[in-house]
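# Descriptive structure summary
The residues making up each chain are set out below.
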Amino acid sequence: MTAAAGPRAGSPSTDDGVAWGALEDAARRVRDHAYAPYSGYHVGAAIVTRSGRVFAGCNVENASYGLAICAERSAIAQMVAAGESDPVAVVVVTRGPEPGSPCGMCRQTLAEFAIDLPVRLVSADAPSAARTTTLAALLPDAFRADKLK
Ligand code: THU
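Small disclaimer: the values here were computed from a predicted structure and weren't measured. (Residues numbered from 1 in each chain as written. Predicted model: local features only at pLDDT ≥ 70, side-chain atom pairs only at ≥ 80, totals over all residues. Heavy atoms only, no water.)

## A look at helix α1 (residues 20-31)
- End to end, α1 covers 16 Å across 12 residues, agreeing with the expected 16 Å (1.5 Å per residue, within 8%).
- Within α1, 10 of the 12 residues are buried, which leaves the element mostly enclosed by the surrounding structure.
- Along α1, the residues classified as buried are W20, G21, A22, L23, E24, D25, A26, A27, V30 and R31.
- Buried-residue contacts for α1 involve β1 (44-49), β2 (54-58), β3 (87-94), β4 (118-123) and β5 (131-134). (Helix = DSSP H or I, 4+ residues; strand = E, 2+ residues; numbered from the N terminus. Expected span 1.5 Å × (residues − 1). Buried < 20%, exposed > 50% of the residue type's maximum accessible area, 1.4 Å probe, protein only. Contact = heavy atoms within 4.5 Å.)

Printed below as a string of structure tokens:
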């Protein structure tokens, strides 16, 4: 990742070492590729891993509606396919007056790899409504693999 994005309205502090602006740019770019002819709701997600690599994914819908793949799970699949498994932050870009929040399935999928991941939620229509939360806040008491032992 080379983009040196400047501060944005509502951006969190960069004290956490995450290049939030560049990560948001990646999520915005991949959102342009969303395949969402049924809902019209385009979503882009970008994950940065401990290595500094960025993995982006968009939602992919299907005429058989239930087969839709969410942007967050699409980004996780890109990360895993590249041999990585240590996300340190994620940005999700949607639309509307308030940013969308990841669905339950995506929360659980993210929790497989990082329980206290910072999650930044951005609406392309309302940059000032962006907010940063954590996966732990979004999915308290997640089901974890250690329960299988
Ligand atoms: N969607 C995502 O990409 N991520 C979420 O966390 C929630 C929903 C997508 C799925 C579908 O293509 C569209 O948004 C409307 O539900």
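## Some points on the site of the ligand
- What surrounds the ligand is the set S39, Y41, V43, N59, E61, C70, A71, E72, P102 and C103.
- Taking N59, its side chain carries an N or O atom lying 2.9 Å from an oxygen atom of the ligand.
- Contact between the ligand and E72: a nitrogen atom at 2.8 Å from a side-chain N or O atom of the residue.
- Its free accessible area being 370 Å², the ligand has 78% of it covered by the protein chains.
- A majority-of-atoms criterion places the ligand in the largest pocket.
- Across the shell around the ligand, the residue classes break down as 6 nonpolar, 2 polar and 2 charged. (Near = heavy atom within 4 Å. Polar contact = N/O pair within 3.5 Å; in protein donor to acceptor, adjacent residues only side chain to side chain. Areas by Shrake-Rupley, 256 points an atom, 1.4 Å probe, with all protein chains shown as cover. 1 Å grid on protein atoms, 1.4 Å probe; cavity = no way out; pocket = protein on both sides within 12 Å on 5 of 7 lines; lining within 4 Å. Sits in = over half its atoms within 2 Å of the grid points. Nonpolar A, V, L, I, M, F, W, Y, C, P; charged D, E, K, R; others polar.)

## Re the sheet that holds β3
- Strand order in the open sheet made by the 5 strands is β2-β1-β3-β4-β5, with mixed pairing throughout. Here the strands that pair on one side only, and so sit at the sheet edges, are β2 and β5. Neighbour to neighbour, the strand axes of the sheet diverge by 20 degrees on average, direction disregarded.
- Here β3 runs beside β4; their pairing, made up of 5 bridges, is parallel. (Pairing = 2+ DSSP bridges. Axes fitted to C-alpha atoms, helices over the stretch in contact; angles between N-to-C directions.)

## Comments concerning the layout of surface pockets
- Reported here for the largest pocket is a volume of approximately 160 Å³.
- For the largest pocket, the lining is made up of 14 residues, of which Y41, V43, C70, E72 and C103 are closest to its centre.
- Taken together, the residues of the lining of the largest pocket break down into 7 nonpolar, 5 polar and 2 charged. (Points joined across faces, edges and corners; volume = space filled by probe spheres on them.)

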